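Take a look at the letters that make up each chain.
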Amino acid sequence: MPLSPKKHQWRRRSLLPTSPPPKAPAPDEPAVPSPVHKDQGSVVQAALYRGGYRVATPDSLAETFRQLREFPDGMAWIGLHRPTETELHSLADEFDLHELAVEDALEAHQRPKLERYGDTLFVVLRAARYLDAQEEVEFGELHVFVGKDFLITVRHGAAPDLTAVRRRMEETPELLALGPEAVLYAILDAVVDGYAPVVAGVQNDIDEIETEVFRGDPAVSRRIYELSREMVEFQRATRPLVGMLHALMAGFAKYGTDEELQRYLRDVADHVTHTSERVDGFRQALTDILTVNATLVTQQQNAEMRALAEAGFEQNEEIKKISAWAAILFAPTLVGTIYGMNFEDMPELKWAGGYPFAILLMAVVCVSLYVIFKKRDWL
């Protein structure tokens, strides 16, 4: 039954025949059960395969090298997590790895790339996973060395889960029998598959941010900025991968890639192109949201300033009224104060019309001030 080019079907054992069970390994190829995942130093797991089946599980790099020499038609798949310089140099000596690729694998913090050194292919991938609790995107780095009879993975970070990739490949020996190139494509597929939950999580975050923006949440600006930074990292992980996959597809004829692997790689390329376009859309959406948020914040600030100005104007009006009445009441107080001074030489004290004159003077001054303030709209 031909392999379906649709994505993930080989994960559902579509490569396994539906009627007879998978062919058992030959007598000289005893099946070795996969051990429970555990770290021994930086070597996560090392295994030898022949014809798509595991034939040995060495417990050290030296033992892996020795057993691989005993199986000239076998393939070694070595998984490392943050290896030491000594371990990588031993691998470089055994498999003739280029010193520049080894240096990149040691230092990490590389951008996704694809380089060929003689018969060895060196691939750098950036994996991602979405952390629901923190609502953040965590990035990991993966370096892959692919040769004629070996595949070495050097992982920096938690993602991707290569143990699951190894398990799925061992469940489809027909695919694993195609060699290191098939394992590389399975790893590429796992990395790209890991982007889907990230895309879904980021889409949900953007929806929440839009709600927060129009609700006037003051903390939303910081969240937009942090998510924008994560999208820059996500873009750096996905955009170069598009060119890398097209470069691999361009070498199909030259390196005689199996037709089924070609279909798988084209499918992975389609998915990573779609993911890259989504990430570009996210960045543009976040830019637009940030602009809208800035506009809303400006409008809110203008409204607050307008309210303050109106309050200040009303306060000024009240102050003018109070000042006007204070001036009106001050006039009779001034006249009464002057005539309240008991000096003998004040001529008006013995004048019969002094009292009516003082009252009239107070009234004239008060009425005059009232008319003046009224005309100026102080009252």
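For clarity, every value in this text was computed on a predicted model and none was experimentally measured.

1. Observations concerning the side chain of Thr 120
Then step 1. Note on placement: Thr 120 falls in strand β5 (residues 120-131).
Then step 2. Residues in contact with Thr 120, not counting those within four places in the same chain, are Phe 95, Asp 96, Leu 97, Glu 115, Val 146 and Phe 150.

2. Topic: the sheet that holds strand β2 (residues 53-56)
Picture the strands of a sheet paired through backbone hydrogen bonds; they go either parallel or antiparallel.
Then step 1. Pairing within the open sheet is mixed, and its 7 strands lie in the order β2-β1-β3-β7-β6-β5-β4. Two strands in the sheet have a free side with no partner beyond their single neighbour: β2 and β4 (113-117). Pairwise comparison of adjacent strand axes, ignoring direction, gives a mean angle of 25° for this sheet.
Then step 2. Here strand β1 (residues 43-50) pairs with β2 via 3 bridges, running antiparallel. The residue bridging Arg 50 from the neighbouring strand is Tyr 53, located in β2.
Then step 3. The sheet contacts of helix α1 (residues 61-70) involve β1, β2 and β3 (75-81), and relative to β3 the element is tilted by about 170°.
Then step 4. The sheet contacts of helix α4 (residues 162-171) involve β1, β2, β3, β6 (136-146) and β7 (150-156), and relative to β3 the element is tilted by about 160°.

3. Remarks on the confidence of the model for the protein
Then step 1. In this model, the protein carries an average pLDDT of 81, and 87% of its residues clear a pLDDT of 70 or more.
Then step 2. Here residues 1-40 is a poorly scored stretch, pLDDT under 50, and it has 69 contacts once near neighbours within four places are set aside; other chains count.

4. A look at the side chain of Glu 87
Then step 1. Checked against the element boundaries, Glu 87 lands in helix α2 (residues 85-95).
Then step 2. Although Glu 87 is buried, it makes no salt bridge; Arg 82 carries the closest opposite charge, 11 Å away.
Then step 3. The contacts of Glu 87, once residues within four sequence positions are left out, are Ser 42, Val 43 and Leu 61.

5. Considering the nonpolar core
Then step 1. Grouped together as the largest cluster of nonpolar side chains are 60 residues, with contacts concentrated most on Leu 125, Met 169, Leu 184, Ile 187, Leu 188, Leu 241 and Leu 245.
Then step 2. With 17 residues, helix α6 (residues 180-215) is the single largest residue contributor to this core.
Then step 3. Aside from chain neighbours lying at most four places away, what touches Leu 125 is Gly 140, Glu 141, Leu 142, Ile 187, Leu 188, Val 191, Leu 241 and Met 244.
Then step 4. Ala 92, Ala 101, Val 102 and Val 124 belong to the second-largest nonpolar core, a separate cluster that totals 27 residues.

6. Points about the packing of α1 against α2
Then step 1. Two elements in contact, α1 and α2, have axes whose closest approach is 11 Å; the angle formed by their N-to-C orientations is 15°. If you check the angle between α1 and α2, you find them roughly parallel. In this structure, α1 meets α2 at a crossing whose hand is right-handed. Residues Leu 61, Phe 65, Leu 68 and Arg 69 of α1 pack against Glu 87, Ser 90, Leu 91, Glu 94 and Phe 95 of α2.
Then step 2. Residue composition of the contact of α1 with α2, grouped by class: 5 nonpolar, 1 polar and 3 charged.

7. A short note on the pairing of β7
Along any regular strand, the residues point their side chains to alternate faces of the sheet.
Then step 1. Counting buried positions along β7 yields 7 of 7 residues, so the element is predominantly enclosed.
Then step 2. Every second residue of β7 is oriented toward a common face, with Phe 150, Ile 152, Val 154 and His 156 on one face and Leu 151, Thr 153 and Arg 155 on the other, all of them buried.
Then step 3. Note that β6 and β7 share 6 bridges and pair antiparallel. Note on β7: the bridge partner recorded for Leu 142 is Arg 155.
Then step 4. Here β6 hands over to β7 after 3 residues, the two strands then running antiparallel side by side.

8. Quick notes on a nonpolar patch on the surface
Then step 1. On the surface, a cluster of nonpolar side chains totalling about 380 Å² of accessible area is made up of Trp 325, Val 367, Tyr 370 and Val 371.
Then step 2. The element that contributes the greatest number of residues to the nonpolar patch is helix α10 (residues 354-375), accounting for 3 residues.
Then step 3. By secondary structure assignment, the location of Val 371 is in helix α10.
Then step 4. Assessed through its relative accessible area of 39%, Val 371 is described here as partly exposed.

9. Looking at the pattern of salt bridges
Then step 1. One pass over the full model with this rule turns up 17 salt bridges.
Then step 2. In the salt-bridge network here, residues are joined through shared partners; they are Glu 135, Asp 205, Glu 208, Glu 212 and Arg 223.

10. A closer look at the pairing of β1
Then step 1. Burial analysis of β1 places 8 of its 8 residues in the buried class, the great majority of the element.
Then step 2. Pairing geometry for β1 and β3, over 6 bridges, is antiparallel. Its bridge partner lying in β3, Leu 48 is registered against Ala 76.
Then step 3. Connecting the antiparallel pair β1 and β2 is a turn made up of 2 residues, with Gly 51 showing a positive phi of about 60°.

What counts, and where the lines are drawn
- Residues numbered from 1 in each chain as written.
- Predicted model: local features only at pLDDT ≥ 70, side-chain atom pairs only at ≥ 80, totals over all residues.
- Heavy atoms only, no water.
- Helix = DSSP H or I, 4+ residues; strand = E, 2+ residues; numbered from the N terminus.
- Contact = heavy atoms within 4.5 Å.
- Pairing = 2+ DSSP bridges.
- Axes fitted to C-alpha atoms, helices over the stretch in contact; angles between N-to-C directions.
- pLDDT = per-residue confidence, 0-100.
- Buried < 20%, exposed > 50% of the residue type's maximum accessible area, 1.4 Å probe, protein only.
- Lys, Arg positive; Asp, Glu negative; His and termini not counted.
- Salt bridge = Lys/Arg side-chain N within 4 Å of Asp/Glu carboxyl O.
- Core = buried A, V, L, I, M, F, W, Y, C linked by side-chain atoms within 4.5 Å.
- Parallel < 35°, antiparallel > 145°, perpendicular 65-115°, else oblique.
- Left-handed = near helix turned anticlockwise from the far one by under 90°.
- Nonpolar A, V, L, I, M, F, W, Y, C, P; charged D, E, K, R; others polar.
- Patch = residues over 30% accessible without salt bridge, like charges linked within 9 Å, V, L, I, M, F, W, Y side chains within 5 Å.
- Areas by Shrake-Rupley, 256 points an atom, 1.4 Å probe, with all protein chains shown as cover.

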